[in-house]
Amino acid sequence: MNPQSECLPARQGKLAKDTQGNLVLINENGKAFAVDNDLSTIWLMLDGQKTYSEILETLSQEAPYTPTEIDPMVSEVLEKLRAADLVVW
C-alpha cells in the first residue's frame with residue numbers, strides 16, 4: 001500500500017469544458033489541463049474527506065481491479081495533479 005494511504009487529498013481549481021466541449025481542469029492560476037472522463041472522475045473524488053485508501057477502494061469497486069493493482073496508476077495521477085496545482089494533501 002502506498003505510504004500516503006491515510007492522506008486526505010483535496011481537489012483544487014475547477015472542472016470545465018473548453019470551446020470544443022472537451023473536459024479541462026483549471027487550476028487557481030487559470031491554467032487549463034485537458035482531461036478524460038477517468039481522470040475527471042478521480043479528481044471529483046478528491047473531496048478532502050476520503051482517504052487515499054478509501055478512494056482506491058471505491059475505484060476498485062467500479063473497475064475489474066483490486067486496490068493494490070490500481071494504486072500505482074492512481075498515485076501517478078495524483079502526483080501529476082499535485083504538480084499542476086490541482087490537488088493538495
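Since the structure is predicted, the reported quantities are computational estimates derived from the model, not experimental observations. (Residues numbered from 1 in each chain as written. Predicted model: local features only at pLDDT ≥ 70, side-chain atom pairs only at ≥ 80, totals over all residues. Heavy atoms only, no water.)

Asks: Residues and numbers for the nonpolar core, please.
Replies: Core analysis: the biggest nonpolar cluster contains 20 residues, and Leu46, Leu59, Val74 and Leu81 have the highest contact counts within it. In terms of residues, this core owes the most to one element, helix H3 (residues 67-83), which gives five residues. (Core = buried A, V, L, I, M, F, W, Y, C linked by side-chain atoms within 4.5 Å. Buried < 20%, exposed > 50% of the residue type's maximum accessible area, 1.4 Å probe, protein only. Helix = DSSP H or I, 4+ residues; strand = E, 2+ residues; numbered from the N terminus.)

Asks: Account for the pattern of salt bridges, with residues named and values stated.
Replies: Considering all chains together, one arrives at three salt bridges under this definition. As a salt-bridge pair, Asp47 and Lys50 come within 2.8 Å of each other at their nearest N and O atoms. Classification of Asp47 by relative accessible area gives partly exposed; the value is 30%. (Salt bridge = Lys/Arg side-chain N within 4 Å of Asp/Glu carboxyl O.)

Asks: I'd like to hear about the sheet that holds strand S3 (residues 23-26), residue by residue, with values.
Replies: The three strands lie next to each other as S2-S3-S4, forming an open sheet whose pairing is antiparallel. Two strands close off the open sheet at either side, each with one partner strand: strand S2 (14-17) and strand S4 (32-34). Averaged over all neighbouring strand pairs, the angle between strand axes comes to 35°, with direction disregarded. Across three bridges, the pairing between S3 and S4 is antiparallel. The residue bridging Ile26 from the neighbouring strand is Ala32, located in S4. (Pairing = 2+ DSSP bridges. Axes fitted to C-alpha atoms, helices over the stretch in contact; angles between N-to-C directions.)

Asks: An account of the packing of helix H1 (residues 37-45) against H3 is needed here, citing residue identities and associated values.
Replies: The interhelical angle for the contact between H1 and H3, taken along N-to-C directions, is 75°, at an axis separation of 11 Å. Considering their axes alone, H1 and H3 lie roughly perpendicular with respect to each other. Mapping the contact onto sequence places Leu39, Ile42 and Trp43 in H1 and Met73, Val77 and Leu81 in H3. When the residues that make up the contact of H1 with H3 are grouped by side-chain class, the tally is six nonpolar, no polar and no charged. (Parallel < 35°, antiparallel > 145°, perpendicular 65-115°, else oblique. Contact = heavy atoms within 4.5 Å. Nonpolar A, V, L, I, M, F, W, Y, C, P; charged D, E, K, R; others polar.)

Asks: Can you explain the packing of aromatic side chains? Please cite residues and give values.
Replies: Counted by the stated rule, this structure contains zero aromatic pairs. Here the basic side chain of Arg11 rests over the ring of Trp43, its NZ or CZ set 5.7 Å away from the ring centre. (Phe/Tyr/Trp six-rings, centres within 6.5 Å; stacked < 30°, edge-to-face > 60°. Lys NZ or Arg CZ within 6 Å of the ring centre and 35° of its normal.)

Asks: Explain the environment of Asp85 to me, using residue names and the numbers behind them.
Replies: Counting through the fold element by element, Asp85 comes out in the loop between H3 and strand S5 (87-88). Considering only alpha carbons, one finds Asp85 and Ser53, 32 residues apart in sequence, at a separation of 21 Å. If near-sequence neighbours (up to four positions away) are discounted, Asp85 is found in contact with Gln12, Asn27 and Asn29.

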